[in-house]
Amino acid sequence: MLLSLQQKYILEVLRKLGCIRQDQLYVLVRSKFQSPNFEVSDARMESMLRQLRSGLGDFHVDGDFVYLTQGQPNTSRLEAVSVMLELSKGTPQDFTTKVEAPRLIRFTLGGDKLKLFSVALLVHISDPQQFQREWWERIVWINDSGAPPKELVLPPKHFFAARKPDGSHCFYGSNEP
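Student: Whenever I open this one, the sheet that holds strand β1 (residues 19-21) confuses me. Can you help?
Tutor: Read from one edge to the other, the open sheet built from three strands follows the order β1-β3-β2, with strand pairing classed as antiparallel. Two strands bound the open sheet, and with one partner strand each, they are β1 and β2 (59-62). Across the sheet, the mean angle separating the axes of adjacent strands is 20 degrees when strand polarity is ignored. As paired elements, β1 and strand β3 (residues 65-68) share three bridges and run antiparallel to each other. Counted as the bridge partner of Arg21 is Phe65 from β3. Taken strand by strand, helix α3 (residues 42-55) contacts β2 and β3, and its axis lies near 125 degrees from that of β2. Sheet strands touched by helix α4 (residues 75-87): β1 and β3. Its angle to β1, the strand with the most contacts, is close to 55 degrees.

Structure below.
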């Protein structure tokens, strides 16, 4: 099967994440390929996904989810992707899920200077103060409830992403530099 650059990118994203919501995938594809000469419309995205589904046996579109056979929805990872898309305004420089727990995803933001972020699941650690991070890394904590635990104290360069009812996040950080 002959694939477009956009379809190859879709498969690359799925190999990294296993499963993604369609709205998240659309944002990633549009941010990578949208240009004055090329529009990534909803109809074009649907057509690309339909072609992939009919041409590849392990490619699936089920409701809001796009996944490869071995990838199933993981709510924490899907929320981590949402946080990444919000912080990067839909244009992360790069990302990976090959990270150590409690991290779920690591991504970089471009600009004048690259910035490294990791989204981590708070339930895997009892005290963020004891969590070891790379000195250049920023940690964004999430949890299943979406609300920050009472008495949560974050060290410098650590943030908490509180989920709002619409699915977006408010970001809270430490008061230290």
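Student: Whenever I open this one, the pattern of salt bridges confuses me. Can you help?
Tutor: Two side chains with opposite charge may pair up if their charged atoms get near one another. Under the defined criterion, the tally for this structure stands at seven salt bridges. Note that Arg163 is salt-bridged to Glu79, the shortest N-O span being 2.8 Å. Within this pair, whereas Arg163 is found in strand β8 (residues 158-163), its partner Glu79 is found in helix α4, the two being separated by 84 residues in sequence. Given a relative accessible area of 34%, Arg163 falls into the partly exposed group. Judged by relative accessible area, Glu79 falls into the buried class, the value being 9%. Across the pair Glu137 and Arg106 runs a salt bridge whose closest N-O atoms are separated by 2.9 Å. Linking Glu137 in strand β7 (residues 137-142) with Arg106 in strand β5 (residues 103-109), this pair joins segments that are 31 residues apart in sequence. Connected through salt bridges with shared partners, the residues Glu12, Lys16 and Asp94 form a single ionic network.

Student: For this particular structure, what's the right way to read the side chain of Ser118?
Tutor: Looking at the secondary structure, you find Ser118 in strand β6 (residues 115-121). Overall, the relative accessible area of 0% leaves Ser118 in the buried class. Of the polar contacts made by the side chain of Ser118, one reaches the side chain of Glu137; its length is 2.4 Å. Contact partners of Ser118, with chain neighbours within four places excluded, come to Arg103, Ile105, Arg106, Glu137, Arg138, Ile139 and Val140.

Student: Which parts of the structure should I look at to understand the packing of helix α1 (residues 5-17) against helix α2 (residues 22-33)?
Tutor: For any two helices packed against each other, one specifies the crossing angle of their axes together with the interaxial distance. Close contact between α1 and α2 brings their axes to 11 Å; oriented N to C, the two are set at 135 degrees. Considered as vectors, α1 and α2 are oriented oblique to each other. Relative to α2, the crossing made by α1 is right-handed. Contacts between α1 and α2 pair Leu5, Gln6, Tyr9, Ile10 and Val13 from the former with Leu25, Leu28, Val29, Lys32 and Phe33 from the latter.

Student: Teacher, can you tell me more about the environment of Gly173 here?
Tutor: As for its position among the elements, Gly173 is in strand β9 (residues 169-173). Residue class for Gly173 comes out partly exposed when judged on its relative accessible area of 38%. Each C-alpha atom of the pair Gly173 and Ser35 lies 35 Å from the other, and the pair is 138 residues apart in sequence. Excluding residues within four positions of it along the chain, Gly173 makes contact with Leu154, His158 and Phe159.

Student: What's the story with the nonpolar core in this structure? I'm lost.
Tutor: Among soluble globular proteins, nonpolar side chains are generally buried collectively. By size, the foremost hydrophobic cluster in this structure holds 36 residues, and its most contacted members are Ile10, Ile20, Leu25, Phe59 and Phe95. For this core, the secondary structure elements donating two or more residues are α1, α2, α3, β3, α4, β5, β6 and β7. The greatest single-element share of this core, amounting to six residues, is contributed by α1. With residues near it in sequence (within four places) discarded, Phe95 still touches Tyr9, Val13, Lys16, Leu17, Leu28, Met84, Ile105, Arg106 and Phe107.

Rules behind the numbers
- Residues numbered from 1 in each chain as written.
- Predicted model: local features only at pLDDT ≥ 70, side-chain atom pairs only at ≥ 80, totals over all residues.
- Heavy atoms only, no water.
- Pairing = 2+ DSSP bridges.
- Helix = DSSP H or I, 4+ residues; strand = E, 2+ residues; numbered from the N terminus.
- Axes fitted to C-alpha atoms, helices over the stretch in contact; angles between N-to-C directions.
- Contact = heavy atoms within 4.5 Å.
- Salt bridge = Lys/Arg side-chain N within 4 Å of Asp/Glu carboxyl O.
- Buried < 20%, exposed > 50% of the residue type's maximum accessible area, 1.4 Å probe, protein only.
- Polar contact = N/O pair within 3.5 Å; in protein donor to acceptor, adjacent residues only side chain to side chain.
- Parallel < 35°, antiparallel > 145°, perpendicular 65-115°, else oblique.
- Left-handed = near helix turned anticlockwise from the far one by under 90°.
- Core = buried A, V, L, I, M, F, W, Y, C linked by side-chain atoms within 4.5 Å.

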